[in-house]
Protein chains: 2
Amino acid sequence: MSLDKVDYVTEEAPRQATIFDVARLAGVSHQTVSRVVNDLPNVRPSTRVRVEEAIKKLRYVPSPAARALVTRRSRTIGLIATGGPEYGPSSTVLYFNAAARDARWSVFTANMTDSDPSSIRGAVEAFLRQNVEGIAVISGHEGSADVVAGMELTIPLVALEATPHAGLATVGADQYNGARNAVRHLIELGHRGIAHLAGPADSVDARERERGWRDELGANDLAARVIGIGDWSPSSGHRFGEACDLSGLTAIFAANDQMSIGLIHALNARGLAVPADMSIIGFDDIPEAAYVSPPLTTVRQDFETIGRDMLSTLLSRINGESATELPQSLPTLIERASTGLARRAS
Amino acid sequence: MSLDKVDYVTEEAPRQATIFDVARLAGVSHQTVSRVVNDLPNVRPSTRVRVEEAIKKLRYVPSPAARALVTRRSRTIGLIATGGPEYGPSSTVLYFNAAARDARWSVFTANMTDSDPSSIRGAVEAFLRQNVEGIAVISGHEGSADVVAGMELTIPLVALEATPHAGLATVGADQYNGARNAVRHLIELGHRGIAHLAGPADSVDARERERGWRDELGANDLAARVIGIGDWSPSSGHRFGEACDLSGLTAIFAANDQMSIGLIHALNARGLAVPADMSIIGFDDIPEAAYVSPPLTTVRQDFETIGRDMLSTLLSRINGESATELPQSLPTLIERASTGLARRAS
DNA sequence: AAGCAAACTGTGAGCGCTAACAACTTTTCA
DNA sequence: TGAAAAGTTGTTAGCGCTCACAGTTTGCTT
């Protein structure tokens, strides 16, 4: 399959070979060529070989357009991604794409910074016209997947971080238990006043992390307090870190690493040391997390696995193997230096 | 164009309308419908209106497959992205995609973590089969764009960060002058021993930044010393920060922010304060840069502009408007707190 | 009012492929 | 040995669209 040093389109443009060219060269009908190409049975081995040789000789490659026209299939997936270049989503997108490549599927990507329903619908409509066989939604915004699900497509749909929904498969890490583990770690260090710096309200992941935090606190008869609702960005973490009321607190669980970084920076500016005065735990384990000061204790998500799981889930839906167990990984706690033993709350 | 609450594919599957359905309803020939759809002249206004109404009523949308089959055009672009989820490239990919959406073009993305020539060729071949009308390469690896360029395609090609090459348009920020500005800033602060923590050797951007650093130093009769060649990651910055010889140095220009972060962390561990003992300047201005300790002085690249410029360059090539001036923006210096006045070198 | 150009509109072919079925071989088994 | 069964191959008809060109109408001259 791998051809070296080929003039893909030479000046004389010898017109890409068609199925008929191959048929003529092999001395068979075009239909037989089609059978060979599609690996259908009932072709005599000797004929098959002859056809394969002709294919190789002519460098024949079937036209996806012609194929799509008649089969209404395209071996193509549509991917909708909303939000900016945050580490988590963009990693997931990247690995989803890589997995698709490995599986020899093509993917159309529609990136949009907002998650305006009509933009999303527009993107889906464009995908539909292209005969995509499935749609994946990787969105930080809760509504996005529901918008697509609400279109009641006949093609499978898989979404990252969305509420379970009829006809909508969701894949992702277990944010809830990841968050509980984070909080449990804090409790084990002796902390009792553990606040939360939440992620955006329209993010299911953010809400799951908050719920995990709240439940773990509840299970230990501890009070819950949210010090702010950020937008995942370091600057939002910084903003809340500057302004929030820290009384009674010895630890803060931030909804992601980037906000942790902003938060720590603001805390330092207020004369508070981390973790001596305040323990901070993040979420995601971005590459920088190990190298900021102090190195961040966090909960690692494996975005590569998530992206690949999304693809394989979608592909199995496309192949009709519906309702298999949906993959869900458990994020793991990474202990570094931003958490420490609790001191008496100030 | 925006339809609300539509059953995109109802259970009875009333077969997506074709051009003939529209023609029948409007009482014209399919060819006239085609003219209206493609906005060709010589259609009586009243006829045009009638056809447009029929289109709207039937929710007719032309089939890209059929169109591509006959025109051999697809209004589709192939995007090749190599490397992992680093901030710069993934942002560029994202904004490229967003710009394409705005222009109503579809884009196939082929993401690969490596930049193996045969993978790249494979991706290009797949794109060609899909009748893409142009290819964009966003790669951290130098060879990538050249591999594609070497295939001598007849469709336009645009690449980020690549050496100028026949038939290859490159778009990007002016890494060289950005780097010179960074170094000049250091010199203005009184630094004389200014080392460089370089990016990977196979990256043109990395080499341009190094060249800028070297030339600015040379222009001021200062000696140049590279303390390491990293891979853009914080951990590589950290590694070199731990081991390098710092004698005679009061400042280090790191090839990107992430390596700066790792570097600073290692320096701190060696008992060196930034910027008191050593000034550090990075490149890119990632969102975290302002919130690490100390906030990073860096050179900001506008990835959104780069991504959008890549798209518009590619589109204008596709439309035959060749050889327009290639956009190149100048990254801007962002002064924060990781650089300070030079002390006497140790 | 005839005549001609310009403006419109329609017809037929064919892009490259697969689906459906017809036709021809070979094998199998009574 | 012959007929049915199984295996193999070919034929035809589209998929939905655009292109090239033919045909029809309309507007403008003289």
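Draft legend 1. Focus on the overall build of chain A. From N to C terminus, chain A includes 12 helices and 12 strands. Relative to the 2.2 N^0.38 estimate, which gives 20 Å for 346 residues, the radius of gyration of chain A is 26 Å and therefore markedly larger than a compact globule would have. With respect to the three principal axes, the spread of C-alpha positions in chain A is 90 × 40 × 35 Å. The proportion of buried residues among the 346 residues of chain A is 55%. Of the contacts formed within chain A by residues at least 6 apart in sequence, a portion of 71% connects residues at least 24 apart. Positive and negative side-chain charges of chain A, numbering 34 and 41 respectively, have mean locations separated by a distance of 8 Å.

Draft legend 2. The arrangement of the protein's contact with DNA strand D in detail. Inspection of the region around DNA strand D gives 31 residues, with R35(A), T47(A), I19(B), S34(B) and Y60(B) positioned closest. Among all atoms of DNA strand D positioned within 4 Å of the protein, those belonging to sugar or phosphate total 58%. Take H30(A): an N or O atom from its side chain is 3.3 Å from a base oxygen of DNA strand D. Here a phosphate oxygen of DNA strand D and a side-chain polar atom of S34(B) are 2.6 Å apart. Elements represented by at least two residues in the surface near DNA strand D include exactly α2 (30-37) and α4 (64-71) of chain A together with α1 (19-26), α2 (30-37) and α4 (64-71) of chain B. In terms of residues, the surface near DNA strand D owes the most to one element, α4(B), which gives five residues. The residue inventory of the surface near DNA strand D, partitioned by class, reads 12 nonpolar, 13 polar and six charged.

Draft legend 3. Looking closely at the sheet that holds strand β7 (residues 225-229) of chain B. All names here are of chain B. Within the open sheet, the four strands sit side by side as β7-β6-β8-β9. Their pairing is parallel. Looking at strand neighbours, the two that pair on one side only are β7 and β9 (279-281), the edges of this open sheet. Neighbour-to-neighbour, the strand axes of this sheet turn through a mean angle of 20°, independent of strand direction. Inspection of the sheet shows strand β8 (residues 251-254) paired to β9 by three bridges, in the parallel sense. Across the sheet, residue A251 finds its bridge partner in β9, namely S279. Here helix α8 (residues 175-188) sits on the sheet in contact with β6 (194-198), β8 and β9, set at roughly 165° to β8. Contacts between helix α11 (residues 257-269) and the sheet are confined to β6, β7, β8 and β9, with β9 contributing the most and set at about 165° to the helix.

Draft legend 4. Seen up close, the relation of the copies chain A and chain B. Least-squares fitting of chain A to chain B yields an RMSD of 0.2 Å, with the transformation described by 0.1 Å of translation along the axis and a rotation of 180°. Such a combination of turn and shift is consistent with a two-fold rotation axis.

Draft legend 5. Quick look at the pattern of salt bridges. Residue and element names in this part refer to chain B. Counted according to the given criterion, the structure contains 28 salt bridges over all chains. R180 is the partner of E216 in a salt bridge, and the nearest nitrogen-oxygen pair spans 2.7 Å. Taken together, the residues span a long stretch of sequence, with E216 in helix α9 (residues 204-219) and R180 in helix α8 at a distance of 36 residues. R180 carries the same exposure label as E216, and that label is buried.

Draft legend 6. Seen up close, empty space enclosed by the protein. Per the stated rule, a full pass over the model turns up four cavities of 30 Å³ or more. By volume, the largest cavity is sized at about 220 Å³. If you trace the largest cavity, you find 22 residues lining it, with S90(A), V93(A), S90(B), V93(B) and L94(B) closest to the centre. Secondary structure elements with two or more residues in the lining of the largest cavity: β1 (76-82), α5 (87-102) and β2 (106-112) of chain A together with β1 (76-82), α5 (87-102) and β2 (106-112) of chain B. In terms of residue class, the lining of the largest cavity is built from eight nonpolar, 14 polar and no charged.

Draft legend 7. Quick look at helix α3 (residues 45-58) of chain A. Residues and elements named next belong to chain A. In this model α3 runs 20 Å from its N-terminal to its C-terminal C-alpha over 14 residues, within 8% of the 20 Å that 1.5 Å per residue would give. Listed as buried for α3 are T47, R48, V51, A54 and I55. Angular distribution of buried residues about the axis of α3 spans 125°; they occupy a single face of the element. The exposed set on the far side of α3, more than 90 degrees from its buried face, consists of P45, E53, K56 and K57. If you follow the buried residues of α3, they end up packed against α1 (19-26) and α2. After α3 finishes, the residue R59 shows a positive phi value of roughly 55°.

Draft legend 8. Inspection of unusual backbone geometry at higher detail. Across the junction of V274(B) and P275(B), the peptide omega takes the value 5°, indicating a cis bond. With respect to the element layout, P275(B) can be found in the loop between α11 and β9. Omega for the bond connecting S293(B) with P294(B) falls within 30 degrees of zero, at -10°, which places this linkage in the cis form. The residue P294(B) is located in the loop between β9 and β10 (298-300) in this model. Even without glycine at this site, R72(A) takes up a positive phi of about 60°. Turning to its location among the elements, R72(A) is positioned in the loop between α4 and β1. Residue class for R72(A) comes out partly exposed when judged on its relative accessible area of 49%. The backbone of D285(A) shows a phi angle near 65°, a positive value even though the residue is not glycine. Tracing the backbone through its elements, the reader meets D285(A) in the loop between β9 (279-281) and β10 (298-300).

Draft legend 9. Inspection of the domain arrangement of chain A at higher detail. All names here are of chain A. Per the domain assignment, the segments making up chain A are domain 1 (19-62), domain 2 (71-173 + 303-328) and domain 3 (175-301). Computed from C-alpha coordinates alone, the two centres of domain 2 and domain 3 are separated by 30 Å. Taken together, the contact pairs 10 residues of domain 2 with 12 residues of domain 3. Between domain 2 and domain 3, roughly 1000 Å² of surface is buried when both sides are summed, and carbon and sulfur atoms account for 50% of that area. Seen at the junction of domain 2 and domain 3, the total is zero salt bridges. Where domain 2 touches domain 3, the interface holds three residue pairs in polar contact (both at pLDDT 80 or more).

Draft legend 10. Main features of the protein's contact with DNA strand C. Of all residues adjacent to DNA strand C, which total 31 residues, the nearest are I19(A), S34(A), Y60(A), R35(B) and T47(B). In DNA strand C, atoms within 4 Å of the protein come from the sugar-phosphate backbone in 60% of cases. Here a phosphate oxygen of DNA strand C sits 2.5 Å away from a polar atom, N or O, in the side chain of Y60(A). Contact between DNA strand C and R35(B): a base oxygen at 2.6 Å from a side-chain N or O atom of the residue. Elements with a contribution of two residues or more to the surface near DNA strand C: α1, α2 and α4 of chain A together with α2 and α4 of chain B.

Basis of the calculations
Residues numbered from 1 in each chain as written. Chains lettered and ligands numbered in written order. Predicted model: local features only at pLDDT ≥ 70, side-chain atom pairs only at ≥ 80, totals over all residues. Heavy atoms only, no water. Helix = DSSP H or I, 4+ residues; strand = E, 2+ residues; numbered from the N terminus. Rg over C-alpha atoms; globule rule 2.2 N^0.38 Å. Buried < 20%, exposed > 50% of the residue type's maximum accessible area, 1.4 Å probe, protein only. Contact = heavy atoms within 4.5 Å. Lys, Arg positive; Asp, Glu negative; His and termini not counted. Charge placed at Lys NZ, Arg CZ, Asp CG, Glu CD. Near = heavy atom within 4 Å. Polar contact = N/O pair within 3.5 Å; in protein donor to acceptor, adjacent residues only side chain to side chain. Nonpolar A, V, L, I, M, F, W, Y, C, P; charged D, E, K, R; others polar. Pairing = 2+ DSSP bridges. Axes fitted to C-alpha atoms, helices over the stretch in contact; angles between N-to-C directions. Least-squares fit on C-alpha atoms with pLDDT ≥ 70 in both. Salt bridge = Lys/Arg side-chain N within 4 Å of Asp/Glu carboxyl O. 1 Å grid on protein atoms, 1.4 Å probe; cavity = no way out; pocket = protein on both sides within 12 Å on 5 of 7 lines; lining within 4 Å. Points joined across faces, edges and corners; volume = space filled by probe spheres on them. Expected span 1.5 Å × (residues − 1). Arc of directions from axis to C-beta. Domains from an automatic or database assignment. Buried area = accessible area lost by both parts, 1.4 Å probe.

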